[in-house]
Amino acid sequence: MLTPRELPAIQAALAGSSPALDGWLLYDFHGLNPVATGLLELHGMTSRRWFVLVPRSGAPVAITHAIEQGPWSDWPAGWTREVYSSWRSLEALLAKHLAGRTVAMEYSPDGAVPYLDRIPAGALEMIRAAGATVVSSSDLVSRFFAAWTPPQLASHQRAAVAIAAIANEAMQAAGAASRSTSPLTEYALQQRIVQAFTRAGLECDHPPIVAVGANAANPHFEPLAEGSAVIRDGDLLLVDLWAREQGGAGIWADQTWMASLGTPSARAVEVWTAVRDARDAAIALLHERAAAGAPVRGAEVDDAARAVITARGFGDRFVHRTGHSIDPRDLHGSGPHLDNLETRDDRVLLPGVAFSIEPGVYITGEIGVRSEVNAIMGDGEVIVTPADYQRELPVL
């Protein structure tokens, strides 16, 4: 739960914003807002609407329903807790605490960033009717919800090392089997990776993607137990795998590796090189801006990667964003994304936020190539994982 320990930093951020904000208004109903639920970490039934105002100064205010006081039993004694039952009393309390104030909420103007746009239109109308002005909480979410702590970074780095080793072992096994009388299928290799996760003390929420040939042209391909393609000598292999340390508190690592089983075609080399160079252009921009102490936005990094692939003639085949947020709770998180295609994510990549960098080229019926690493913004630096990420297309 939000505690007095975290309050001074949030209030300093509110006071330092331009223009200064009067507060951060958290809202949830039935788990619609993972930012609010993640920050409050309430335990017990919360089936009714609740609000928490974190003001620029003074004590936070919780507005809670009369029949659901149990989850608020740990609310600090020095903070305010208001109780409502009817909609009339709720609206009166909102007016009491919000009239004339400018508050930040998980709202993205024009729906530009859906991962941030968590407040229903009707709730926004209710807040505005209470006399408040609503602005986006984007930078607050990045700093106080999406940013990693040093122990979380260490957890991620351990997972990244383990995943890289598992990926490379799996590809080597596929290469050796492809030249035997018992080649592996995509599904068999996928299950081999899942078993390796368990041995390494890792967990995943969904089995990894293993795809060969034209199957890899589907970015979300899923091999099935029945009818899965056989991985043969001459194939181009894609392995996309993600996992975290077991127990739910680990931080996700997410990587995509490519390999050629036998000498790759000129086409495969051409596409791989375009994707690799796009990934490296994104990394270079991040390093450049971080070293200079200059801000960089997710959309700018997407543009840098996309420009390389477009220049190589594959722009219309790069059909997804360059990277997704990885926050402390979710693999596809609520922090900034590297995206100026699917969404207009102009959020600054603040210190502590992390994300994937994964450009791809997908030519339906022919070939699919993606390369993925993760990056974490530090103070004056960018940490890329795994440290020994893929530079060349290995021939197995």
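Source: prediction; values computed, not measured.

Peer 1: What exactly am I supposed to notice about the side chain of Gln69 here?
Peer 2: Here Gln69 lies in the loop between β3 (61-65) and β4 (80-84). A polar side-chain atom of Gln69 sits 2.7 Å from the main-chain carbonyl oxygen of His65. The contact partners of Gln69, leaving out residues within four places of it in the chain, are Thr64, Arg81 and Val83.

Peer 1: Is there a simple way to explain helix α1 (residues 7-16) in this structure?
Peer 2: Residues spaced three or four apart along an α-helix point in a common direction, a consequence of the helix completing one turn every 3.6 residues. Every buried residue of α1 is accounted for by Leu7, Ile10, Gln11, Ala13 and Leu14. The arc enclosing the buried residues of α1, seen along the axis, measures out at 155°, which places them on a common side. The exposed residues of α1 that point more than 90 degrees off its buried face are Pro8 and Gly16. Considering only its buried residues, α1 is in contact with β1 (23-28), β2 (50-55) and α5 (138-146).

Peer 1: For this particular structure, what's the right way to read the sheet that holds β2?
Peer 2: Hydrogen bonds between backbone groups are what pair the strands of a sheet, and the pairing can be parallel or antiparallel. Strand order in the open sheet formed by 6 strands is β4-β3-β2-β1-β5-β6, with mixed pairing between adjacent strands. Strands with a single pairing partner mark the edges of an open sheet, and in this sheet they are β4 and β6 (133-136). Neighbouring strand axes in the sheet, compared pairwise and without regard to direction, differ in orientation by 25° on average. The sheet contact formed by strand β5 (residues 102-105) and β6 spans 4 bridges and is parallel. The residue of β6 that forms the bridge with Met105 is Ser136. Those strands touched by helix α3 (residues 87-98) are β1, β2, β3, β4 and β5, and its axis lies near 150° from that of β4.

Peer 1: Got a minute to help me understand the pairing of β3 in this structure?
Peer 2: In the case of a regular strand, side chains alternate between the two sheet surfaces. By the criterion of burial, β3 is predominantly enclosed, with 5 of the 5 residues buried. Residues Val61, Ile63 and His65 of β3 are buried on one face, and the alternating residues Ala62 and Thr64, pointing to the opposite face, are buried as well. Examined bridge by bridge, β2 and β3 share 3 bridges and lie antiparallel to one another. Bridge assignment links Leu53 to a residue of β3, and that residue is Val61. Connecting β2 to the next strand, β3, in antiparallel fashion are 5 residues, including Gly58 with a positive phi near 90°. The pairing of β3 with β4 spans 5 bridges and is parallel. By the bridge assignment, Ile63 is partnered in β4 with Glu82.

Parameters and conventions
- Numbers given for residues are sequential positions, taken from 1 along each chain in its written order.
- Reporting in this predicted model follows two pLDDT cut-offs: at least 70 for local features of residues, and 80 or more for side-chain atom pairs to be given and counted; totals over whole chains, interfaces and linings ignore these cut-offs and use all residues.
- To get the side-chain values, all heavy atoms of the structure are used, and hydrogens and water are removed first.
- Numbering goes from the N terminus for both helices and strands, where a helix is a DSSP run of H or I of at least four residues and a strand is a run of E of at least two.
- Between N or O atoms, a polar contact is any pair within 3.5 Å; within protein, one atom must be a potential hydrogen donor and the other a potential acceptor, and residues adjacent in sequence are included only when both atoms are from side chains.
- Should any heavy atoms of two residues lie within 4.5 Å, those residues are counted as being in contact.
- Exposed residues in this analysis have more than 50% of their type's maximum accessible area, buried residues have under 20%, and partly exposed residues fall in between, with area computed by a 1.4 Å probe over protein chains only.
- As used here, the arc belongs to the directions running from the helix axis to the C-beta atoms.
- One requirement defines pairing of two strands: DSSP has to find at least two bridges between them.
- Comment: axis = line fitted to C-alpha atoms, over the contacting stretch for helices; angle = value between 0 and 180 degrees taken between N-to-C directions.

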